[in-house]
Amino acid sequence: MHKKVANAFAPGAISSFFEIFKTAHNGTPLTDLQYVGARGGGFGLQCGVHTKVSVDDASSNSIQVFINDRFAPEAKVTHNVARTILNNVSKRCAVVVEHQIDVPIGMGFGTSAGGALTTGLALKEALNLPLTYNQIGTIAHLAEIQSQTGLGTVSSLSVGGGLILVTEPGAPGVCKIDRIPLSPNYVVVSGFYDLKISKAVLSSPERSEVINRYGRQTLDAILEEPSVENFLSCCWLFAKRAGFASERVCELVRLAVGAGAVGATQNMIGEAVHAVVLEENAFSVVEAFKQVLPEKQVLCCKVDFQGVRLVNNDYDKEAVI
């Protein structure tokens with residue numbers, strides 16, 4: 001086999017609210033990880049995770065991962081996906097995965113899910129494997145659950161973009177996805193602090209119970225009036241009630257709305273805010289965020305409506321405004 005190369009792209013995936021599903025209705029832990037996940041909703045962005053996978057013949061399987069040109073042995077979700085696929089292939093391969101990520105990592109932009117999906121999709125292409133999107137998505141979903149890096153982002157990314165609602169949890173093919181129609185005239189302006197919120201906050205049963213109570217109420221309220229304005233309003237209420245919103249996050253939301261955003265809320269989970277704004281007003285929101293944040297911590301990006309996909313080009317930044 002000559003060296004094979006394939007490229008894939010996953011949108012940045014901002015989660016705006018969620019409800020955790022790790023147990024059955026009777027309270028017993030779910031053992032089939034296809035059914036573990038989250039209800040929730042959020043936005044796909046045209047900036048995200050660009051992945052190049054190179055595959056060569058080898059005497060034994062090996063996987064190397066790079067993130068933004070840095071060797072990244074800690075990228076366990078990507079390793080998990082590549083290893084799972086290679087374990088089901090008879091030939092032995094040396095695989096190199098190169099992620100270029102143009103959204104913040106660990107701040108609620110779905111980078112682990114994006115890395116998992118693009119790795120699976122590009123590796124399927126390079127090896128010419130008979131896998132569907134849902135099959136690749138299931139491998140990526142299980143990798144995220146096992147690595148404790150996410151719950152429902154893979155499902156939303158694997159079936160499309162825009163303003164997405166995961167109305168039933170689980171892996172692609174198990175979950176149920178809906179969307180709120182969204183004009184392409186909107187862009188998303190994000191502001192983020194350096195502080196990463198540990199996902200250990202989700203580990204206590206008491207904390208999960210609070211999150212789930214308000215998460216369920218949020219989805220019900222959104223479905224009663226499925227508009228982008230109501231979505232953002234309900235999600236901001238969720239962030240405050242569930243105890244995620246710091247004073248710095250509150251300040252960013254106030255600045256965004258004051259500068260003309262349709263609405264704004266917190267990334268789940270990170271000390272970061274995403275504001276939805278008509279393209280002609282985006283500059284005003286960017287400048288408002290720059291009153292309290294350095295320019296490198298403000299991102300303005302168009303909404304993605306396609307979801308994860310194979311691409312020809314290695315990497316471009318045209319989506320970033």
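Anything mentioned here points back to the structure above.
Remember, it's a predicted structure, so these values are computed and weren't measured experimentally. (Residues numbered from 1 in each chain as written. Predicted model: local features only at pLDDT ≥ 70, side-chain atom pairs only at ≥ 80, totals over all residues. Heavy atoms only, no water.)

Caption draft 1: Looking closely at the overall build of the chain. Of the regular secondary structure elements, the chain holds eight helices and 12 strands. By the compact-globule yardstick of 20 Å for 321 residues, the chain fits well, its C-alpha radius of gyration being 19 Å. Dimensions along the principal axes, computed over C-alpha positions, put the chain at roughly 60 × 50 × 30 Å. Counting over 321 residues, the chain shows a buried share of 56%. (Helix = DSSP H or I, 4+ residues; strand = E, 2+ residues; numbered from the N terminus. Rg over C-alpha atoms; globule rule 2.2 N^0.38 Å. Buried < 20%, exposed > 50% of the residue type's maximum accessible area, 1.4 Å probe, protein only.)

Caption draft 2: Structural detail: the pattern of salt bridges. With the rule as written, the count across this model stands at eight salt bridges. Measuring nitrogen to oxygen at the nearest pair gives 2.9 Å for the salt bridge that ties R309 to D304. Taken as a pair, R309 and D304 share a single burial class, namely buried. (Salt bridge = Lys/Arg side-chain N within 4 Å of Asp/Glu carboxyl O.)

Caption draft 3: Spatial organisation of the packing of aromatic side chains. Tallied over the full model, the rule gives eight aromatic pairs. Between the aromatic rings of F109 and F192, the centroid separation amounts to 6.2 Å while the plane-to-plane angle is 80°, which identifies the pairing as edge-to-face. Of this pair, F109 sits in the loop between β5 (93-101) and α2 (111-127) while F192 sits in strand β8 (residues 186-192), and the two are 83 residues apart along the sequence. Overall, F192 belongs to the buried group, its relative accessible area being 10%. Within the aromatic cluster, the residues linked to one another by ring pairs are F17, F18, F43, F231, F238 and F244. (Phe/Tyr/Trp six-rings, centres within 6.5 Å; stacked < 30°, edge-to-face > 60°.)

Caption draft 4: Molecular detail of the layout of surface pockets. A volume near 490 Å³ is recorded for the second largest pocket. In terms of lining residues, the second largest pocket is bounded by 19 residues, among which I20, F21, K22, T23 and A24 are the most central. When contributions to the lining of the second largest pocket are tallied by element, the ones reaching two or more residues are β1 (4-21) and α5 (205-224). Broken down by element, the lining of the second largest pocket gets its largest block of residues, five residues, from α5. Of the residues belonging to the lining of the second largest pocket, the class tally is nine nonpolar, four polar and six charged. (1 Å grid on protein atoms, 1.4 Å probe; cavity = no way out; pocket = protein on both sides within 12 Å on 5 of 7 lines; lining within 4 Å. Points joined across faces, edges and corners; volume = space filled by probe spheres on them. Nonpolar A, V, L, I, M, F, W, Y, C, P; charged D, E, K, R; others polar.)

Caption draft 5: Inspection of the sheet that holds strand β9 (residues 263-266) at higher detail. With antiparallel pairing, the four strands of this open sheet are ordered in space as β9-β10-β8-β11. In this open sheet, the two edge strands, each paired with only one partner strand, are β9 and β11 (298-302). Taking the axes of each pair of neighbouring strands and ignoring which way they run, one obtains an average angle of 20° across the sheet. Examined bridge by bridge, β8 and strand β10 (residues 272-278) share seven bridges and lie antiparallel to one another. Residue G191 lies in a different strand from β10, and its bridge partner there is V273. Contacting β8, β10 and β11, helix α8 (residues 282-289) runs over the sheet at an angle of about 5° to β8. (Pairing = 2+ DSSP bridges. Axes fitted to C-alpha atoms, helices over the stretch in contact; angles between N-to-C directions. Contact = heavy atoms within 4.5 Å.)

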